[in-house]
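As a plain string of letters, each chain reads:
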Amino acid sequence: MIVSHRHKFIFVKTGKTGGSSVEMQLSLFCGPEDIVTPGMEAKDPKYAQFLESRRPRNLRIPLHRAAYVSLPIPPFVPLEKHHRPRVTFYDHMPAFRIQRGLPKKIWNEYFKFTVVRNPYDRAISQYFWNNRKTSDHTKERVNDYILHKIPPVMLTNWFMYASGQNVLVDHFIRYEELESGLRATLDRLGIKEPLALPDAKAGLRPRTASHRDYLNPAARAYVEKHAKAEIDYFGYEW
């Protein structure tokens, strides 16, 4: 996640949506007073130009707000890591926790945005990421993995930017239009610097691999069951 005080925006990083690439790009516009959470790609020599801009900073949450951040988490947030007590901002922090950790004025006034992705396509991406050291990617293997080894929570990002049925962010960039969507968002924020998104964590999946080529009816139904809120809200189609 990133909080830019200069440009008055909050970026909520969702999973398997190009969030690392977006964070690297956004970090170039951040200063020493902004909040930048750690990112594993900053340690990769391939992205040496981001070494300083992606340096984690200003992570500490004041104790009175940290206590609020660490209050019991609603049942709609299934990942255990989001139930731990926290005194710092952290990578992939859900919007409702960011809201608790920031002053009310900042949360209300800053422009909050995130990236969303077709859940069918995202499930395939999750498979290839989890099996990045494997070369045998048969249709049977993909479907078996999605049905039996991917926890349901990994099939949706809804809880990252919503609280129950209440959406907490102001704007969504669709992964399918990531570069143009980010460009339009930066223009809206008055950031005119050139845009050149790095391909962080890319290259693991064949570029021609469509979810329709992989998902069988059972796996499709499994994704639809656990990502229903996203599919309905954004109108994603098979």
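In this report, we go over the structure that sits alongside the text. Everything quoted here is computed from the prediction, not taken from an experiment.

1. Considerations on the overall build of the protein chain
Counting its regular elements, the protein chain contains 11 helices and seven strands. What you see for the protein chain is a C-alpha radius of gyration of 18 Å, in line with the 18 Å of a compact globule of 238 residues. Dimensions of the protein chain, computed from C-alpha atoms along their principal axes, come out at roughly 50 × 40 × 30 Å. The buried share of the protein chain, reckoned over its 238 residues, is 53%.

2. Here we look at the packing of helix 1 (residues 19-27) against helix 8 (residues 178-188)
Where helix 1 meets helix 8, the axes come as close as 12 Å, and the angle between the chain directions of the two elements is 35 degrees. Crossing geometry of helix 1 relative to helix 8 is assigned as right-handed. Contact residues: helix 1 offers V22, Q25 and L26, while helix 8 offers L178, L182 and L186.

3. Things to note about the pattern of salt bridges
Taken as a whole and judged by the stated rule, the model has 11 salt bridges. Its salt-bridge partner being K13, residue E23 comes within 3.2 Å of it at the nearest N-O pair. Residue E23 is found in helix 1, and its partner K13 is found in the loop between strand 2 (9-12) and helix 1; the two are separated by 10 residues along the sequence. The class for E23 is buried, based on a relative accessible area of 0%. Judged by its relative accessible area of 2%, K13 falls in the buried class. Across the pair E109 and K105 runs a salt bridge whose closest N-O atoms are separated by 2.6 Å. With E109 and K105 both in helix 4 (residues 104-109) and four residues apart, the pair spans about one turn of that helix. The partly exposed category is assigned to E109, whose relative accessible area is 46%. Given the relative accessible area of 55%, K105 is considered exposed. It is possible to trace a salt-bridge network through shared partners that takes in K13, E23, R54 and D91.

4. Some details on unusual backbone geometry
Of note in this structure, K8 is not a glycine but carries a positive phi near 55 degrees. Here K8 is to be found in the loop between strand 1 (2-4) and strand 2. Residue K8 is classed as partly exposed on the basis of its relative accessible area of 44%.

5. Side note on the packing of aromatic side chains
In total, this model carries 15 aromatic pairs according to the counting rule given. Here Y120 and W238 contribute two aromatic rings whose centre-to-centre distance is 5.0 Å and whose plane-to-plane angle is 85 degrees, an arrangement assigned as edge-to-face. Placement of Y120 in helix 5 (residues 119-130) and of W238 in the segment after helix 11 (228-234) is noted, with a sequence separation of 118 residues between them. Seen from their ring centres, Y127 and Y145 are 5.6 Å apart, and the 75 degrees between their planes marks the pair as edge-to-face. Highlighted residues: Y127 in helix 5 and Y145 in helix 6 (residues 139-148), separated in sequence by 18 residues. Look at Y127 and you get buried, because its relative accessible area is 0%. An aromatic cluster is built from W158, Y161, F172, Y233, F234 and Y236, whose rings are joined through pairwise contacts. Here R86 stacks its cationic end above the ring of Y90, 3.8 Å away from the centre of that ring.

6. Thoughts on the sheet that holds strand 7 (residues 171-174)
Ordered in space as 3-1-2-4-7, the five strands form an open sheet in which the pairing is mixed. Edge positions in the sheet fall to strand 3 (35-36) and strand 7, since each of these pairs with one other strand and no more. Bridge count for strand 1 against strand 2 is three bridges, and the pairing is antiparallel. Residue pairing across strands places S4 opposite F9, the latter belonging to strand 2. This element, helix 1, spans strand 1, strand 2 and strand 4 (111-116) of the sheet and lies at about 155 degrees to strand 2. Seen against the sheet, helix 8 touches strand 4 and strand 7 and runs at an angle of roughly 150 degrees to strand 7.

7. Some points on the side chain of T156
Its location among the elements puts T156 in the loop between helix 6 and helix 7 (158-161). Within the structure, T156 has its side chain in polar contact with the backbone nitrogen of W158 (distance 3.0 Å). If we ignore the near neighbours within four places in the chain, the residues touching T156 are R122, H226, A227 and E230.

Thresholds applied
- Residues numbered from 1 in each chain as written.
- Predicted model: local features only at pLDDT ≥ 70, side-chain atom pairs only at ≥ 80, totals over all residues.
- Heavy atoms only, no water.
- Helix = DSSP H or I, 4+ residues; strand = E, 2+ residues; numbered from the N terminus.
- Rg over C-alpha atoms; globule rule 2.2 N^0.38 Å.
- Buried < 20%, exposed > 50% of the residue type's maximum accessible area, 1.4 Å probe, protein only.
- Axes fitted to C-alpha atoms, helices over the stretch in contact; angles between N-to-C directions.
- Left-handed = near helix turned anticlockwise from the far one by under 90°.
- Contact = heavy atoms within 4.5 Å.
- Salt bridge = Lys/Arg side-chain N within 4 Å of Asp/Glu carboxyl O.
- Phe/Tyr/Trp six-rings, centres within 6.5 Å; stacked < 30°, edge-to-face > 60°.
- Lys NZ or Arg CZ within 6 Å of the ring centre and 35° of its normal.
- Pairing = 2+ DSSP bridges.
- Polar contact = N/O pair within 3.5 Å; in protein donor to acceptor, adjacent residues only side chain to side chain.

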